[in-house]
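Understanding the architecture of this molecule
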Amino acid sequence: VAGNEITTLINGDAYYPPMLKAIEGARTSITFETFAYVDGPITRTFTRALAKKARQGIPVLMIVDDVGSRHVGEHNEALLRDAGVHYHTYHPFNPLRLFRYNNRTHRKILVVDGKEAFTGGAGFALAWEGNAHSPEHWRDTQHGLTGPAVAQLQHAFAENWKELTGQVLAGPTYFPALTATGPHLAQFVYDSPQTPSNPIAHTFLHGINSARESLVLEQSYFVPNKTFREAIIAAAQRGVTVEMLVPSDKIDSPFCRYASQNSWKALLEAGVRLYQYTPTMMHGKLMIADGQLSIIGSGNMDDRSFYINDEVNLHVLSSSFAKEQLAMYQRDLKQAEEITLTNLSDILAPLPHRLLARLVAPQL
């Protein structure tokens, strides 16, 4: 849909303040869904802000994941519930429903008044605070959005809200009339294991297969299955310039890095240029095809995001927006080390680690 304004917000110092400002200015509704809501200074700040709006009579609907937010803290839960926030945990543990428990919501959604939205890769914990200024503070990106596409993100929240509560969100409180606010064509794509067409996977794949000139990937958990590995190699072999930035050994999930490394040699041999971000954990998710199509959001390039988790990605078809994301990528690249066939053996984890990671890769 046309007419969207999208703002790129890099690291916690840039994205938390406008999110809090939007919450504080809410007049009709707040819907909020996240994977990681972990007790700490920033989480308590958001808890107070959400509780304040609920006490003012604003409907505040909130979903946090049971696994990612297992350390939410009793103080936060009590304050939210006591203030009247409609607070739900996504898929609490049930030994009789292990498949359901394995399905996590990894979506990152904040919609205020049905008109202003935020999405991206960031959660709410100490790691996302600051400006990626130390190994304890991660590099991540959020995007603020206004315009007609906001309704699509609201529908993603409404899907999970109905699953948890049976309530259907409708009407102007959550879906007001939206007008054009900016120049960008944008679309939200969301899925879950209940979506048989796997749109997150297929739209990533379509972008890779459609690229004719350039392909840039900045992926925090890059564990490509055979189909994706072959698609990226095919792109490089048909003359597409393919560059990829992944985390270094500062990654929070070593097994993801081990599993990712199983594909590195083949990618390098095909001509892919591969880099690792060295200062801290790089948690961003970005793909840019031909300087035109940008895919951002919560979805990683791995089987868990494609087939197990609930995810939501934002697609933007805009050369000016892609140029902005490429500039962000280039800044990250200045703090990265290139991985080549020459130095690969010095970087790879021991073979037993990589073999074990291959076995569990579909669940990472």
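One can find the structure itself at the top, above this paragraph.
Criteria and cut-off values
Residues numbered from 1 in each chain as written. Predicted model: local features only at pLDDT ≥ 70, side-chain atom pairs only at ≥ 80, totals over all residues. Heavy atoms only, no water. Patch = residues over 30% accessible without salt bridge, like charges linked within 9 Å, V, L, I, M, F, W, Y side chains within 5 Å. Areas by Shrake-Rupley, 256 points an atom, 1.4 Å probe, with all protein chains shown as cover. Salt bridge = Lys/Arg side-chain N within 4 Å of Asp/Glu carboxyl O. Helix = DSSP H or I, 4+ residues; strand = E, 2+ residues; numbered from the N terminus. Buried < 20%, exposed > 50% of the residue type's maximum accessible area, 1.4 Å probe, protein only. Lys, Arg positive; Asp, Glu negative; His and termini not counted. Polar contact = N/O pair within 3.5 Å; in protein donor to acceptor, adjacent residues only side chain to side chain. Contact = heavy atoms within 4.5 Å. Arc of directions from axis to C-beta. Pairing = 2+ DSSP bridges. Axes fitted to C-alpha atoms, helices over the stretch in contact; angles between N-to-C directions. Core = buried A, V, L, I, M, F, W, Y, C linked by side-chain atoms within 4.5 Å. 1 Å grid on protein atoms, 1.4 Å probe; cavity = no way out; pocket = protein on both sides within 12 Å on 5 of 7 lines; lining within 4 Å. Points joined across faces, edges and corners; volume = space filled by probe spheres on them.

1. Some remarks on a nonpolar patch on the surface
- On the surface, Phe255, Leu356, Leu359 and Val360 cluster together to form a nonpolar patch covering roughly 360 Å² of accessible area.
- In terms of residue count, helix H13 (residues 351-360) provides more of the nonpolar patch than any other element does, 3 residues in total.
- Following the sequence through the fold, leucine 356 ends up in helix H13.
- The class for leucine 356 is partly exposed, based on a relative accessible area of 42%.

2. Quick notes on the pattern of salt bridges
- Tallying each qualifying case throughout the model produces 7 salt bridges.
- In this structure, aspartate 332 engages arginine 139 in a salt bridge whose closest nitrogen and oxygen atoms are separated by 2.9 Å. With a gap of 193 residues between them, aspartate 332 in helix H11 (residues 319-333) and arginine 139 in the loop between strand E6 (116-120) and strand E7 (141-146) connect regions that are remote in the sequence.
- Here glutamate 338 ties to arginine 273 by a salt bridge, and the two come within 2.9 Å at their closest N and O atoms. With glutamate 338 in strand E15 (residues 336-339) and arginine 273 in strand E11 (residues 273-277), this pair connects stretches of sequence that are 65 residues apart.
- When its relative accessible area of 40% is taken as the criterion, arginine 273 is described as partly exposed.

3. Thoughts on the side chain of aspartate 191
- Mapped onto the fold, aspartate 191 is located in strand E8 (residues 185-191).
- For the buried aspartate 191, no salt bridge exists, and the shortest N-O distance to an oppositely charged side chain is 5.7 Å, to arginine 107.
- A distance of 3.3 Å separates the side chain of aspartate 191 from the backbone nitrogen of isoleucine 200, its partner in a polar contact.
- Dropping the residues within four chain positions of it, aspartate 191 is found in contact with Arg107, Asn198, Pro199, Ile200, Ser305, Phe306, Asn309, Asp310 and Glu311.

4. Comments concerning the side chain of serine 29
- Here serine 29 shows up in the loop between helix H1 (12-24) and strand E2 (30-34).
- For serine 29, a relative accessible area of 0% puts it in the buried group.
- At a separation of 2.8 Å, a polar atom in the side chain of serine 29 contacts the main-chain carbonyl oxygen of threonine 173.

5. So, helix H3 (residues 74-83)
- Listed in full, the buried residues belonging to H3 are Asn76, Leu80 and Ala83. Angular distribution of buried residues about the axis of H3 spans 75°; they occupy a single face of the element. For H3, the exposed residues lying more than 90 degrees away from the buried face are Glu74 and Asp82.
- Each element contacted by the buried residues of H3 is listed here: helix H2 (41-55), strand E3 (60-65) and strand E4 (86-90).

6. Here we look at the sheet that holds strand E13 (residues 293-297)
- Spatially, 8 strands are ordered E8-E14-E13-E12-E9-E10-E11-E15 in an open sheet, and the strand pairing comes out mixed. Unpaired on one side and paired on the other, E8 and E15 mark the two borders of the sheet. Across the sheet, the mean angle separating the axes of adjacent strands is 15° when strand polarity is ignored.
- Relative to strand E10 (residues 241-247), strand E9 (residues 214-219) runs parallel, the two sharing 5 bridges.

7. A look at the environment of phenylalanine 118
- Mapped onto the elements of the fold, phenylalanine 118 is located in strand E6.
- By relative accessible area, phenylalanine 118 is classed as buried at 3%.
- Sequence spacing of phenylalanine 118 and arginine 104 is 14 residues, and the spatial spacing of their C-alpha atoms is 20 Å.
- Residues contacting phenylalanine 118, with those up to four places away along its chain left out, are Leu9, Pro18, Met19, Ala22, Lys108, Ile109, Leu110, His143, Gly144 and Leu153.

8. Structural notes on the nonpolar core
- Within the largest apolar cluster, 47 residues are counted, with the highest numbers of intra-cluster contacts made by Tyr16, Tyr37, Phe46, Leu50, Met62, Leu110 and Trp128.
- Of all the secondary-structure elements, those providing two or more residues to this core are H1, E2, H2, E3, H3, strand E5 (109-112) and helix H8 (254-261).
- Of all hydrophobic cores here, the second largest spans 36 residues; its members include Ala156, Tyr275, Phe321 and Met328.

9. A look at empty space enclosed by the protein
- Overall, the coordinates contain 3 cavities of 30 Å³ or more when judged by the stated rule.
- The computed volume of the largest cavity comes to approximately 90 Å³.
- Thr141, Gly284, Lys285, Leu286 and Met328 are, among the 15 residues lining the largest cavity, the residues nearest its centre.
- Of all the secondary-structure elements, those providing two or more residues to the lining of the largest cavity are E7, strand E12 (285-289), E13 and H11.
- Looking at the lining of the largest cavity, the element that brings in the most residues is H11, giving 3 residues.
- A volume near 60 Å³ is recorded for the second largest cavity.
- Taken together, Ser220, Tyr221, Phe222, Val246, Pro247, Ile251, Cys256, Arg257, Ser260 and Trp264 form the lining of the second largest cavity.
- Within the residue set of the lining of the second largest cavity, elements represented by two or more residues are E10 and H8.

That is the geometry; function is a separate question.
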